[in-house]
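Overview (structure and organization)
Next come the chains, spelled out residue by residue.
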Amino acid sequence: MTTVLITGAAGDIGTAIADVLAERGHRLVLADHPDAAEPLEELCRRLDAEGVSFDVTDEPAVAAAVGKLDPLGALVNNAGYQGVFAPVDRYPLADARRVIEVNVLGVMTVLAVAARAMTGGSIVNIASMAGVSGAPNMPAYSASKAAVIGLTKSAAKDLAPKGIRVNAVSPAFIGPGRMWETQVTQQAAAGSQYYSADPEAVAEQMIGMVPLRRHGSVYEVATVVAFLLSDDASYLTGVNIEVSGGSA
């Protein structure tokens, strides 16, 4: 099976993607920031996978890691930074720069380095419904994920001559787990007309926004990623699949 590089592998969604792809027989190389070394090592031991550590914004480090992967057949570009929760008129620009650096330039860096090492194959970028419709108190994150969707569509055209498909997946509310707890807690603390100041009420409000009336699971995201990497998606490129329970 194809060697798949997964960035942000130690996070909730990254771990689920690794689990699903391992079950389907892919050879995995799991990557995350050096700060996540311990959970990454534990995941690699559990799945008998190779692990690498690098900052996605450090092109020489990314190139050194990818250069050892021969052949590389697929990439799941999952590393990201959510940033603080604050309205746009009070958002700290230093944090916004970090969000853009990781979520846009980091994704582009890994995509570009991986594409140079690939001869055909598939790339999946993890975007977000925040990039599709915008999320209150998350202006930098929303902007960065909208950029990921645009980057995906552009890269799909650039890399089609090499036989590399490039698609995106945009999750909406995903839980339970760290991401869900962070969103609920931080939206309650940020204060807005959209959410209560009570985290439990915020959770109910978020679920109420979803036609299916529940949050999605990390494995529901992971199976969509697995589909896009598979030959079943051989005629899909430049597509953003919304894993959103019907929310827009």
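The following refers to the structure shown.

Rules behind the numbers
- Residues numbered from 1 in each chain as written.
- Predicted model: local features only at pLDDT ≥ 70, side-chain atom pairs only at ≥ 80, totals over all residues.
- Heavy atoms only, no water.
- Helix = DSSP H or I, 4+ residues; strand = E, 2+ residues; numbered from the N terminus.
- Expected span 1.5 Å × (residues − 1).
- Contact = heavy atoms within 4.5 Å.
- Phe/Tyr/Trp six-rings, centres within 6.5 Å; stacked < 30°, edge-to-face > 60°.
- Buried < 20%, exposed > 50% of the residue type's maximum accessible area, 1.4 Å probe, protein only.
- 1 Å grid on protein atoms, 1.4 Å probe; cavity = no way out; pocket = protein on both sides within 12 Å on 5 of 7 lines; lining within 4 Å.
- Points joined across faces, edges and corners; volume = space filled by probe spheres on them.
- Nonpolar A, V, L, I, M, F, W, Y, C, P; charged D, E, K, R; others polar.
- Pairing = 2+ DSSP bridges.

Attention now goes to helix H6 (residues 139–159). Here H6 contains 21 residues, and its C-alpha end-to-end distance of 30 Å stays within 8% of the 30 Å for a straight helix at 1.5 Å per residue. On its buried face, H6 is in contact with helix H4 (93–117), strand E5 (121–126), helix H5 (130–133), strand E6 (164–171) and strand E7 (240–243).

A few words on the packing of aromatic side chains. Enumeration over the complete set of coordinates arrives at one aromatic pair. Where Phe173 meets Trp180, the ring centres are 6.2 Å apart and the plane angle is 75 degrees; that geometry is what we call edge-to-face. Relative accessible area serves as the criterion here: at 14%, Phe173 is assigned to the buried category. Taking relative accessible area as the criterion, Trp180 reaches 8% and is therefore assigned buried.

There is about 270 Å³ of room inside the second largest pocket. As for the second largest pocket, its lining consists of 16 residues, and the residues nearest its centre are Thr2, Arg165, Leu229, Ser230 and Asp231. For the lining of the second largest pocket, the secondary-structure elements that each account for two or more residues are E5 and helix H9 (218–229). In terms of residue class, the lining of the second largest pocket is built from five nonpolar, eight polar and three charged.

Time to look at the pairing of strand E4 (residues 74–77). Here E4 shows a buried face lined by Ala74 and Val76 and a second buried face lined by Leu75 and Asn77. In this sheet, E4 lies alongside strand E1 (residues 3–6) in parallel orientation, the contact comprising three bridges. Residue pairing across strands places Ile6 opposite Val76, the latter belonging to E4. The pairing of E4 with E5 spans four bridges and is parallel.

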